[in-house]
Amino acid sequence: MFTSQRHQGIQFRCNVNQKLDNDETHTVQCNQFSFPRQSVKDCHGNRRFCGLKFNETTFAGAHNAGTGMLSHMQLDCYVTNHDLNVVELLNFGIRFFDFDLKYYSEKDDMWTGHGPKDLFFTTARFEEVLEDIQQWMTKHLHELVIVYVGSLVGDDRGLGLEKFTKLLDKHFSGEVKLNDYWRLNGDWPTLETAINEKKRLFAFGKFCSINVLYMVPVRKCIGLCFGYVIEFLMLI
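Along each chain, residue indices are assigned from 1 in the same order as the chain's sequence is written. Local features in this predicted model are restricted to residues of pLDDT 70 or higher, and side-chain atom pairs are both shown and tallied only at a pLDDT of 80 or more, whereas totals for entire chains, interfaces and linings draw on every residue. With hydrogens and water excluded, all non-hydrogen atoms of the structure serve as input to the side-chain values.

### What to know about the pattern of salt bridges
Inclusion rule: Take a side-chain nitrogen of Lys or Arg and a carboxyl oxygen of Asp or Glu: if they are within 4 Å of each other, that pair is a salt bridge. Put simply, DSSP H or I for four residues or longer makes a helix, DSSP E for two residues or longer makes a strand, and each gets a number counted from the N terminus. Only protein chains enter the accessibility calculation, which uses a 1.4 Å probe. A residue is then buried if its area is under 20% of the maximum for its type, exposed if over 50%, and partly exposed in between.
Going through the model one piece at a time under the given rule, you end up with 12 salt bridges. Note that Asp108 is salt-bridged to Lys163, the shortest N-O span being 3.6 Å. Placement of Asp108 in the loop between strand E5 (96-104) and strand E6 (109-114) and of Lys163 in helix H4 (residues 157-171) is noted, with a sequence separation of 55 residues between them. Accessibility expressed as a relative area gives 39% for Asp108, which makes it partly exposed. Linking Arg183 and Asp180 is a salt bridge whose minimum nitrogen-to-oxygen distance equals 3.8 Å. Residue classification places Asp180 among the buried residues on the basis of a relative accessible area of 10%. A single salt-bridge network, built from bridges that share partners, covers Asp109, Arg125, Glu127, Glu128 and Lys170.

So this is what it looks like as structure tokens:
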């Protein structure tokens, strides 16, 4: 198993050499070693990646990425997919974050978590999650991150979608911006282009109601509709 803090030029190698299941544990000694820090010309740790287009690149991802933000103790076995928070996942090398979200219209608030609408176990305010991602990306100028909403539940999903786009606009319009290359050019940028333009956050969403598209100003999405799936590729 490898763990990494590439921005610090540090890596740990942990030789487990044993299969573990469920609650089994095994303790090993991890060895630390260093390697050259990233060059200003690197993209995701290697300059050879810079010429690759976004859709030619594979990103390590986490399903139900927000569930590691808070423990539910006895319920963890059923609702928690990770024991790492978002920043720890970023440091570990995860760049694709699949979130389940719930929108609370009475409070105009949005939370990450896991579960169906009426049994949704919340783990973190989504705005705080985005703040963590934005702050991390500000410190790591050669990294791209993908935010994907696999599920959005709530009494008014149209307002929830509007809240989602407003949060992205709020936190990714400065030093780290939302990528709109596809909307403007009908093609994917190279990693180097996204980095140079400081548009390193890519946002996607899947929503089951085709009517939800009309709840948000058209400029907010390119609105590719396949059946009942709407993919928000670029939000501006």
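### Details of the pairing of E6
Short version of the rule: DSSP-based pairing: two strands are paired if at least 2 bridges between them are found.
Counting buried residues in E6 gives five out of six residues, a clear majority hidden from the surface. Joining the antiparallel neighbours E5 and E6 is a turn of four residues, in which Asp108 adopts a positive phi near 50°.

### Things to note about the nonpolar core
This is how the line gets drawn: The definition of a nonpolar core used throughout is a set of buried Ala, Val, Leu, Ile, Met, Phe, Trp, Tyr and Cys residues joined through side-chain atoms within 4.5 Å. The contact rule is simple, with two residues in contact once any of their heavy atoms fall within 4.5 Å.
Counting residues in each nonpolar core, the largest one holds 31 residues, and the members touching the most others are Phe97, Phe99, Phe126, Ile133 and Leu201. Looking at this core element by element, the count peaks at six residues for helix H3 (residues 126-139). Once residues within four sequence positions are removed from consideration, Ile133 is found in contact with Val86, Leu90, Phe99, Val145, Val147, Phe172 and Leu201. Ranked by size, the runner-up nonpolar core spans 13 residues in total, among them Cys43, Ala194, Ile195 and Phe204.

### Considering unusual backbone geometry
Note on backbone geometry: most residues besides glycine have negative phi, and most peptide bonds are trans. With a phi close to 55°, His44 is a non-glycine residue in the positive phi region. Relative to the assigned elements, His44 resides in the loop between strand E3 (30-34) and strand E4 (61-62). Phi at Asn64 is positive, roughly 50°, even though this residue is not glycine. As for its placement among the helices and strands, Asn64 is situated in the loop between E4 and helix H1 (76-79). We classify Asn64 as buried; its relative accessible area is 2%.

### Re the side chain of Thr57
Along the chain, the position of Thr57 falls in the loop between E3 and E4. With near-sequence residues (within four places) excluded, Thr57 lies in contact with Leu52 and Leu191.

### A closer look at the pairing of E5
Most of E5 is tucked away, with eight of its nine residues classed as buried. Here E5 runs beside strand E8 (residues 145-154); their pairing, made up of eight bridges, is parallel. Paired with Phe97 across the two strands is Val147, which belongs to E8.

### Looking at the packing of aromatic side chains
For clarity, the threshold we go by: When the centres of two rings from Phe, Tyr and Trp lie within 6.5 Å, Trp using its six-membered ring, the rings pair. Their planes under 30 degrees apart give stacked, over 60 give edge-to-face, and anything left gives tilted.
A full pass over the atoms with the stated rule returns 10 aromatic pairs. Residues Phe54 and Phe204 carry aromatic rings whose centres are separated by 6.2 Å and whose planes lie at 15° to one another, so their mutual orientation is stacked. Here Phe54, found in the loop between E3 and E4, pairs with Phe204, found in strand E9 (residues 201-207); they are 150 residues apart in sequence, far enough to count as distant. One exposure class covers both Phe54 and Phe204, and it is buried.

### A word on the packing of H3 against H4
Stated formally: Note on definitions: angles span 0 to 180 degrees between N-to-C directions of axes, and those axes are lines fitted to C-alpha atoms, for helices only across the stretch in contact. Orientation categories follow fixed angle ranges, with anything under 35 degrees roughly parallel, anything over 145 roughly antiparallel, 65 to 115 roughly perpendicular, and all other angles oblique. Definitions for this section: a left-handed crossing has its near helix turned counterclockwise from the far helix by less than a right angle. A right-handed crossing has that turn clockwise. Here the term charged refers only to Asp, Glu, Lys and Arg, the term nonpolar to Ala, Val, Leu, Ile, Met, Phe, Trp, Tyr, Cys and Pro, and the term polar to all other amino acids, Gly among them.
In the contact formed by H3 and H4, the axes pass within 10 Å of each other and the chain directions differ by 30°. Classed by the angle they form, the pair H3 and H4 counts as roughly parallel. Where H3 crosses over H4, the handedness of that crossing is right-handed. Across the interface between the two elements, Phe126, Glu127, Leu130, Glu131 and Gln134 of H3 pack against Phe164, Leu167, Leu168, Lys170 and His171 of H4. Residue composition of the contact of H3 with H4, by class: five nonpolar, two polar and three charged.

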